[in-house]
Every structure is written in C-alpha cells, then in structure tokens.
Amino acid sequence: KSYSVLAVRFIAGMLSSFFGLSLGREGPSIQIGAAGSQILAKKTSRNKMEENYLITAGAAAGLATAFNAPLSGIVFALEEVHRSFSTLILITATTASLTADVVATLVFGLEPILSFTQTPELPASLFLWLLPLGVLSGVFGSLLNKSLLGLQTLYEKLPSAIRPVVAILIALPFGLFLPQVLGGGRDLINFAETAKSGMELMILLLVGKILFTSTSFGSGIPGGIFLPILSVGALSGSIFGLIAVRFGLPSEYIADFAVCGMAGALSSAVKSPLTSILLTTEMTGSLVHLFPVAACSFIALLISDVLNVKPIYEELLDRMMKTTPKTAQN
C-alpha cells in the first residue's frame, strides 16, 4: 500500500499542478514522506509504536521540504499529527526535518517557496491594527474551512470517477478570466505583498481563490491546502492594509499585514496556531515579526472558536473513517 501511495501522490501531485488546480505541493509531500517512512519502518522497527514515530517523522520531513521550513515540520508533527508533546517524537521529527531540509537545499538546490525577507518591522505604535486584522483573517480562514468541507460534501453526490473531471472543467473559466488564482498561490502571495493593484481586484482575487480552492480540494484530487490558505490570508491582510492606508497607515507596512494575515488564516482554518506562527516566521527570515504574527494567529484562532470551526484535518479523518470499511481500518 505504501508503494502505491508514493506513486499515486507523486503522479497526481504533478498532474494537479499541470492543470493549475488550487492545491499546494505540501499535501503530497507530507504523504510521500509518511509513506516512504512507513516502508522503512516495516523493515527496521521493532513494534507498532516505533513505526508510528517513523511515519510521523516522515510527514514532518515532507512539510519541511515543501516550504524549506524545518522548524515548522517539527512543530507540525507535535501539534497536528500527534497533538501531544513527546520527547521521542521531538527527536525523530527534528532529525528527519533537518536532514530533509539539508538534502533538499544542498542536493536538489531547492529554495524557499516563499520569501519575505524584505518586510519591514512593524512598529509597536501600530500593534493596535493587529486586533481587527486578526478578526478579519480569522473570518476568512473560517470561511475557507467551511467552504472546503462543504464542497467536499457536495462532491460526494457525484461518482468518484467524475469528480476530478469536474474540478478540471471548473479550472477552465478561472484560467481564462482570473488566471492569478491558478496554482497553489505562490505568485498570488507575492502579488498581495506588493499590493500594486486596486482594492476591487484584490477582493475579486480573494473570493475567486476561496471558491477555486474549495472546488479543487473537494474533488478529492491529491493536493495540499496550506499554500492556498496562506494565499487567502495574504490577500485578506493586504486588503485590510489598503483600507488602513486610508486612515494613516504608511503603505510600506502592507506587506507586514499580508504576512500576519497568512498566519491568521492558517491558524483559524487548520486550528494549529504554533505551526502557523513558526511557518510564517520562518518564511520572513527574521524573529522581529514574531509578536505581530503570533498575536494575529491567536486572535484568528479565537474567532474560529467563536464561529464553531472544527479542525479541518480532524474532520477529514472522521469522514474518511466513516466511509472506510472496518476491515480496512484494522
């Protein structure tokens, strides 16, 4: 089964990218890392617990490779995969994430998928802006969470063989009339950071990205949601920044709002604030953004709790367990 997962996720991940679907590469990367580790675990582990630790380490390595963010991979293993702290998980995830990052950088020459190293430090005098920004990014992150799950429910009414075809057909009008929303969202994040366009276009891109991500992911085509969620957060932060500029905010800090919006949207949609904070901080390349990013992330998490948003990966797992025969689960 692990070998089939490796093959399917690798090929399907490339095809989804080829057709421009709004899916990130981190999803297949995490699954490939976990499947590869499971193959190794079957040959080396002495018990089921060791096998689980190795699979978790492989998933952490997959995230670290996808974003060139090893610390985020480590925290992802603790916060999202196991949802508990364990010394053994910490050691295995750290070793795997750091090793994967070194191999990806030195052997394959991969560069960080996103880079915000030129983002200025947000002055303490502007920290009050983080409260409404956290609320806004939390609302859009929660909206995307519910939209992703809702479209998946809608797709379940269609035969499984037709779902990918529908998603690809939906991609055609987006590609013709709103090509900026195609793909995971890397270019869209860079576009939001600079905020060179008018607010009307930014709002259109935000709505289009939410809808297109939901139709792409709901179809069941392998792909990640981290990068699309980050792009939605960046757009929401940039839009809020454009509004704040009209009330006296210096325009050079719109990029800071885009970064904070990314953390807020990811935190509210996935309900993993520590992973969201570290991933965003690693991409900025500096700890000076840690407080604004953390503040926005936790405010957005509070908003998602108020809106009764469920952790999306837990909900997806529950749905999968309900549709999987008990014999297969055992």
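Everything here concerns the structure above.
Note that the structure is a prediction, hence the values are computed from the model and not measured.

Caption draft 1: Representation of the side chain of Lys209 within the structure. For Lys209, the location among the structural elements is in helix α9 (residues 199–218). Despite being buried, Lys209 has no salt bridge partner; Asp187 is the closest side chain of opposite charge, sitting 9.7 Å away.

Caption draft 2: Structural context of the packing of helix α4 (residues 70–82) against helix α5 (residues 87–107). For the pair α4 and α5, the least separation of the axes is 8 Å and the interaxial angle reads 145 degrees. The interaxial crossing formed by α4 with α5 has right-handed handedness. Contacts between α4 and α5 involve Pro70, Gly73, Ile74, Ala77, Leu78 and His82 on the former and, on the latter, Ile89, Leu90, Ala93, Thr94, Ser97, Leu98 and Asp101. Of the residues in the contact of α4 with α5, the class split is 8 nonpolar, 4 polar and 1 charged.

Caption draft 3: Just helix α8 (residues 186–194), in detail. The complete set of buried residues in α8 reads Leu188, Ile189, Ala192 and Glu193. Along the long axis of α8, the arc covered by the buried residues comes to 140 degrees, so they all point the same way. As for α8, its buried residues are in contact with α9, α10 (226–245) and α11 (254–270). Of the residues one or two after α8, Ala195 is the one with positive phi, at around 50 degrees.

Caption draft 4: Spatial organisation of the nonpolar core. Core analysis: the largest hydrophobic core is formed by 52 residues, its most contacted members being Phe67, Phe226, Ile229, Leu230 and Leu279. Looking at this core element by element, the count peaks at 9 residues for α10. Counting residues in each nonpolar core, the second largest holds 16 residues, with Leu133, Tyr253, Cys260 and Cys296 among its members.

Caption draft 5: Just the layout of surface pockets, in detail. Empty space within the largest pocket amounts to approximately 2300 Å³. Elements represented by at least two residues in the lining of the largest pocket include exactly α1 (2–18), α2 (26–44), α3 (48–67), α4, α6 (130–155), α9, α14 (312–323) and α15 (326–329). Looking at the lining of the largest pocket, the element that brings in the most residues is α14, giving 9 residues. Here the lining of the largest pocket is built from residues that sort into 19 nonpolar, 16 polar and 13 charged. Within the residue set of the lining of the second largest pocket, elements represented by two or more residues are α1, α2 and α3. If one sorts the elements of the lining of the second largest pocket by residue count, α1 sits on top with 6 residues. Here the residues of the lining of the second largest pocket are counted per class, giving 11 nonpolar, 11 polar and 2 charged.

Cut-offs applied
- Residues numbered from 1 in each chain as written.
- Predicted model: local features only at pLDDT ≥ 70, side-chain atom pairs only at ≥ 80, totals over all residues.
- Heavy atoms only, no water.
- Helix = DSSP H or I, 4+ residues; strand = E, 2+ residues; numbered from the N terminus.
- Buried < 20%, exposed > 50% of the residue type's maximum accessible area, 1.4 Å probe, protein only.
- Lys, Arg positive; Asp, Glu negative; His and termini not counted.
- Salt bridge = Lys/Arg side-chain N within 4 Å of Asp/Glu carboxyl O.
- Axes fitted to C-alpha atoms, helices over the stretch in contact; angles between N-to-C directions.
- Left-handed = near helix turned anticlockwise from the far one by under 90°.
- Contact = heavy atoms within 4.5 Å.
- Nonpolar A, V, L, I, M, F, W, Y, C, P; charged D, E, K, R; others polar.
- Arc of directions from axis to C-beta.
- Core = buried A, V, L, I, M, F, W, Y, C linked by side-chain atoms within 4.5 Å.
- 1 Å grid on protein atoms, 1.4 Å probe; cavity = no way out; pocket = protein on both sides within 12 Å on 5 of 7 lines; lining within 4 Å.
- Points joined across faces, edges and corners; volume = space filled by probe spheres on them.

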